[in-house]
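Coordinates in review
Chain residues, written in single-letter form:
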Amino acid sequence: MINQFRNLNPINLLILFAYTFFMRMAIFADLPPSLQFEFLEPYTKFFIQMPLQNTFSPAGNVFFAGIIIFVQAILFNRVVNNHGLLSKPGYLPALLYVTASSLFMPFLILSPTLICNFLMIWIMDKFLKMGKSLNAIMTMFDVGMIIAIGTLIYFPFIVMLAMLWFTLLLYRSFSWREWISGLVGFLTIFFFVGVYYYWNDNLSMFYKIWLPLTNKFPSVFTINYNDYLVLVPVVVMIVLATLQLRENFLEASSVHERHFKCCSLCSSSALSVFIPNPISGYIISCCVYPRERFYWRTISQMPKKDGFMKVCF
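In this report, the structure presented in the accompanying data block is examined. It should be emphasised that the depicted structure is a prediction, and the values quoted were computed from it without experimental measurement.

1. Regarding the side chain of Asn 61
Assignment of secondary structure puts Asn 61 in helix H4 (residues 58–82). Look past the residues within four positions of Asn 61 in its chain and what remains in contact with it is Leu 35, Phe 37, Phe 56, Ile 109 and Leu 110.

This is the structure we're talking about:
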């Protein structure tokens, strides 16, 4: 199948569509009795009413989630091919996206995280374009507004704010205008949200939006290890992919090197966004981002002859 998706044959779209629903056969075979689609956060429902909780049956919910994943896979594939992250354009990124999304429950049903993936792909595209632009102020402002919109849908999406400054470290020299433009874009959206709350004499409710940031980090974790057995083959794939990534990284130009770093940071951000507790996402981000920065800085400074050490690292 991998060789089939290495080229841009239109037949691959039909195969990908069938594969998308094949990877969801398990949930179709054992549908839950009811599935509710909470599209927006409670504080957003105050001024945007979208009663979608019981609109779809369980089968319809899973079906439309599969359609959305298929569309997102095509968009993700287009972003990867347009920026030349692979040596040859094909449908392999779309295949990877569909396969990875089938491992996590929020992507098997209609959920806020599934909708936020559209924004995630959009942000990744803008970040990858940043290296080719002379001025990143407008790009960072736009990304800040996108993150704010994502926060209205799913509050932990606010973790993506950290990506603004780490991406600037990758692509740009220091400019205070670029560093604050993303934050200004984010605050612009919530400024209008606050004004709406004020007009309706509910400013106290606007303050409650930020209360999850005051939650204490849990001291005790309850982990069901059976839930993570599905990640064992994923770890094997990551190891094999690292071997190939080492070869591509050594042969890549500085632009492609930064693109790889950006994609790695975006993946780390997505991992922290999917944490149900927002403060937990913050702490994981604080642990993951410095590790990614240290990893890529170290691997880029190793000589080519130390390829085996890079893989071990």
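2. Here we look at the nonpolar core
Burial of nonpolar side chains together is a common tendency in soluble globular proteins. Counting residues in hydrophobic clusters, the biggest one holds 60 residues, and the most contacted among them are Ile 123, Phe 127, Ile 147 and Phe 157. Put simply, the parts of the chain that give this core at least two residues each are helix H1 (11–22), H4, helix H5 (92–101), helix H6 (112–130), helix H7 (137–153), helix H8 (161–171) and helix H9 (176–199). Counting residues per element, this core draws most heavily on H6, at 11 residues. The contacts of Ile 147, once residues within four sequence positions are left out, are Ile 123, Phe 157, Ile 158, Met 160, Leu 161, Leu 164 and Phe 186.

3. Quick notes on the packing of aromatic side chains
Across all of its chains, the model carries 16 aromatic pairs by this definition. Where Tyr 43 meets Phe 155, the ring centres are 6.4 Å apart and the plane angle is 85°; that geometry is what we call edge-to-face. Of this pair, Tyr 43 sits in helix H3 (residues 42–45) while Phe 155 sits in the loop between H7 and H8, and the two are 112 residues apart along the sequence. A single burial state applies to Tyr 43 and to Phe 155, both of which are buried. Aromatic pair Phe 190 and Trp 210: ring centres 5.0 Å apart, planes at 55°, arrangement tilted. With Phe 190 in helix H9 and Trp 210 in the loop between helix H10 (203–208) and helix H11 (232–251), this residue pair connects regions lying 20 residues apart in the sequence. We classify Phe 190 as buried; its relative accessible area is 4%. Grouping aromatic residues by their ring pairs yields a cluster made of Tyr 43, Phe 155, Phe 186, Phe 190, Tyr 197, Phe 206, Tyr 207 and Trp 210.

4. A word on the pattern of salt bridges
As enumerated under the stated definition, the model contains two salt bridges in all. Note that Lys 129 is salt-bridged to Asp 125, the shortest N-O span being 3.2 Å. Of the two residues, Lys 129 and Asp 125 both sit in helix H6, four residues apart, roughly one turn of that helix. The exposure class of Lys 129 is partly exposed, given its relative accessible area of 45%. Between Asp 142 and Lys 126 there is a salt bridge, and its shortest N-O distance comes to 3.8 Å. Placement of Asp 142 in helix H7 and of Lys 126 in helix H6 is noted, with a sequence separation of 16 residues between them.

The rules we used
Residues numbered from 1 in each chain as written. Predicted model: local features only at pLDDT ≥ 70, side-chain atom pairs only at ≥ 80, totals over all residues. Heavy atoms only, no water. Helix = DSSP H or I, 4+ residues; strand = E, 2+ residues; numbered from the N terminus. Contact = heavy atoms within 4.5 Å. Core = buried A, V, L, I, M, F, W, Y, C linked by side-chain atoms within 4.5 Å. Buried < 20%, exposed > 50% of the residue type's maximum accessible area, 1.4 Å probe, protein only. Phe/Tyr/Trp six-rings, centres within 6.5 Å; stacked < 30°, edge-to-face > 60°. Salt bridge = Lys/Arg side-chain N within 4 Å of Asp/Glu carboxyl O.

On their own, these measurements won't tell you what the molecule is for.
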